[in-house]
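Observations on chain architecture
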Amino acid sequence: MLHQMRTLPDGVELRAPTPNDAPAWAMFLVEEQQRTYAGQLPRDFALTGLAQANVVGLARAFAEPGDAVRRIAWQGERIVGVASASTAPAAWEVSLGFVPAPAERELDRLYVHADMHGTGLGAVLYDAVVDVRPHYLWLIDGNDRAARFYERRGFRHLDEQVETGPTWGNIPMHRMLRD
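Quick look at the structure, then. Quick caveat: nothing in here was measured; it's all calculated off a predicted structure.

The rules behind each value
- Residues numbered from 1 in each chain as written.
- Predicted model: local features only at pLDDT ≥ 70, side-chain atom pairs only at ≥ 80, totals over all residues.
- Heavy atoms only, no water.
- Axes fitted to C-alpha atoms, helices over the stretch in contact; angles between N-to-C directions.
- Helix = DSSP H or I, 4+ residues; strand = E, 2+ residues; numbered from the N terminus.
- Parallel < 35°, antiparallel > 145°, perpendicular 65-115°, else oblique.
- Left-handed = near helix turned anticlockwise from the far one by under 90°.
- Contact = heavy atoms within 4.5 Å.
- Nonpolar A, V, L, I, M, F, W, Y, C, P; charged D, E, K, R; others polar.
- Phe/Tyr/Trp six-rings, centres within 6.5 Å; stacked < 30°, edge-to-face > 60°.
- Buried < 20%, exposed > 50% of the residue type's maximum accessible area, 1.4 Å probe, protein only.
- Lys NZ or Arg CZ within 6 Å of the ring centre and 35° of its normal.

Contact pair helix H1 (residues 22–36) / helix H3 (residues 55–63): the axes reach a minimum separation of 8 Å and the direction vectors enclose 120°. Taken together, the axes of H1 and H3 lie oblique to each other. Both H1 and H3 take part in a crossing whose hand is right-handed. Between H1 and H3, the contacting residues are Ala22, Pro23, Trp25 and Ala26 on the first element and Val55, Leu58, Ala59 and Phe62 on the second. Looking at side-chain class alone, the contact of H1 with H3 contains eight nonpolar, no polar and no charged residues.

Below, the structure written as structure tokens:
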């Protein structure tokens with residue numbers, strides 16, 4: 001938002017998602033999570049991940065975004081990236097006692113299709129949803145590509161380790177903070 005605006009890769013359109021985008025957003029997100037964390041997720045992740053995505057809730061959130069900032073990147077008829085930042089902490093963090101949050105804003109989604117890695121799309125999505133305020137994010141341990149991406153943007157690893165829930169197979173994760 002207040003960052004240097006980068007150029008979109010050829011043929012990519014970036015916009016705020018609409019309620020009609022909710023099913024495609026959810027499917028893209030689950031597919032990219034499966035690709036990113038291949039071999040770490042439970043076999044039934046696609047089903048439980050889609051159920052957890054709550055397409056109806058997403059459509060409602062897209063219709064009334066409040067202070068959340070979301071962007072969806074389309075290339076022709078396919079989604080090639082999604083990003084979202086919102087007020088923190090999220091309801092799931094509160095319910096599990098991960099409070100207080102280390103910042104008032106959370107980068108809660110940033111996924112880019114593997115075909116688009118190295119094109120600058122991740123940076124464009126990041127710039128579109130993250131402003132100058134402090135932000136944090138959750139990072140699955142071992143996602144070195146994402147860790148380097150966020151470190152280059154001023155995030156630092158917090159000294160903590162928790163497990164994802166059973167939907168994610170209890171994989172270790174931690175937060176990163178940019179203050």
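Following the criterion strictly, the structure yields ten aromatic pairs and no others. Aromatic side chains Phe149 and Tyr150 sit 5.2 Å apart centroid to centroid with 85° between the ring planes, which places their arrangement in the edge-to-face category. Like Phe149, the residue Tyr150 is buried in the burial classification. Aromatic rings pair up to connect Tyr126, Phe149, Tyr150 and Phe155 into one cluster. When the ring centre of Tyr126 is taken as reference, the NZ or CZ atom of Arg153 above it lies at 5.6 Å. The ring centre of Phe149 lies 3.7 Å from the NZ or CZ of Arg153, which sits over that ring.

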